[in-house]
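Chain residues, written in single-letter form:
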Amino acid sequence: MSGQLPLNPNTNKLAIGIEDQARQCLENSKHILREKGLEMNSVLKTTIFVTDLSGFQTVNEIYAEYFSKPFPARSTIQVAELPMNAMIEIELMAEVKR
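Remember, it's a predicted structure, so these values are computed and weren't measured experimentally. (Residues numbered from 1 in each chain as written. Predicted model: local features only at pLDDT ≥ 70, side-chain atom pairs only at ≥ 80, totals over all residues. Heavy atoms only, no water.)

## Structural notes on helix α1 (residues 17-35)
Moving on, step 1. Across its 19 residues, α1 extends 27 Å between first and last C-alpha, which sits within 8% of the 27 Å expected from 1.5 Å per residue.
Moving on, step 2. The complete set of buried residues in α1 reads Ile18, Gln21, Ala22, Gln24, Cys25, Leu26, Asn28, Ser29, Lys30 and Leu33.
Moving on, step 3. Buried residues along α1 sit in contact with β1 (43-50), α2 (56-66) and β3 (88-94).
Moving on, step 4. One or two residues past the end of α1 sits glycine 37, with phi positive at roughly 80 degrees. (Helix = DSSP H or I, 4+ residues; strand = E, 2+ residues; numbered from the N terminus. Expected span 1.5 Å × (residues − 1). Buried < 20%, exposed > 50% of the residue type's maximum accessible area, 1.4 Å probe, protein only. Contact = heavy atoms within 4.5 Å.)

Shown next as structure tokens:
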């Protein structure tokens, strides 16, 4: 799945603050997965892009609310800027079992 920005699907506006933005990215991802008949436990790997690594602990705590052991592989990368001045963007790869 391509990177999900923290956009509220009803208002098309960014969530405010790293906590709400991280949660919105993961909610958006969860809804897209469900549309494909998948759940969060289908995720194999995530890549998290943040504009400030000082919020990593907060992101990590929220991440643990959406994923359980064994956690998907994860990379977290600090970037200079994200679209729409978002603080975070999350992309993922999920497994479709046939």
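## A short note on the packing of aromatic side chains
Moving on, step 1. In this structure the tally under the stated criterion is 1 aromatic pair.
Moving on, step 2. Taking 4.6 Å as the distance between ring centres and 40 degrees as the angle between the ring planes, the aromatic pair formed by tyrosine 63 and phenylalanine 67 counts as tilted.
Moving on, step 3. Here arginine 74 stacks its cationic end above the ring of tyrosine 63, 4.4 Å away from the centre of that ring. (Phe/Tyr/Trp six-rings, centres within 6.5 Å; stacked < 30°, edge-to-face > 60°. Lys NZ or Arg CZ within 6 Å of the ring centre and 35° of its normal.)

## Focus on the pairing of strand β2 (residues 73-78)
Moving on, step 1. Bridge count for β1 against β2 is 6 bridges, and the pairing is parallel. Note on β2: the bridge partner recorded for lysine 45 is alanine 73.
Moving on, step 2. Chirality of the crossover, the property in question, places the unit of β1, α2 and β2 among those that are right-handed. (Pairing = 2+ DSSP bridges. Right-handed = clockwise from strand over helix to strand, strands pointing away.)

## Some remarks on the environment of lysine 30
Moving on, step 1. Tracing the backbone shows lysine 30 in helix α1.
Moving on, step 2. Among the residues examined, lysine 30 registers a relative accessible area of 18% and is labelled buried.
Moving on, step 3. Beyond its immediate chain neighbours, meaning those up to four positions away, lysine 30 contacts Met40 and Tyr66.

## Notes on the sheet that holds β3
Moving on, step 1. Strand order in the open sheet made by the 3 strands is β2-β1-β3, with mixed pairing throughout. In this open sheet, the two strands that pair with only one neighbour each are β2 and β3. Each adjacent strand pair in this sheet contributes to an overall mean axis angle of 15 degrees, direction not counted.
Moving on, step 2. Docked against the sheet, α1 engages β1 and β3, running at close to 30 degrees with respect to β3.
Moving on, step 3. Strands in contact with α2 are β1, β2 and β3; relative to β2, the strand with the most contacts, it is inclined by about 155 degrees. (Axes fitted to C-alpha atoms, helices over the stretch in contact; angles between N-to-C directions.)

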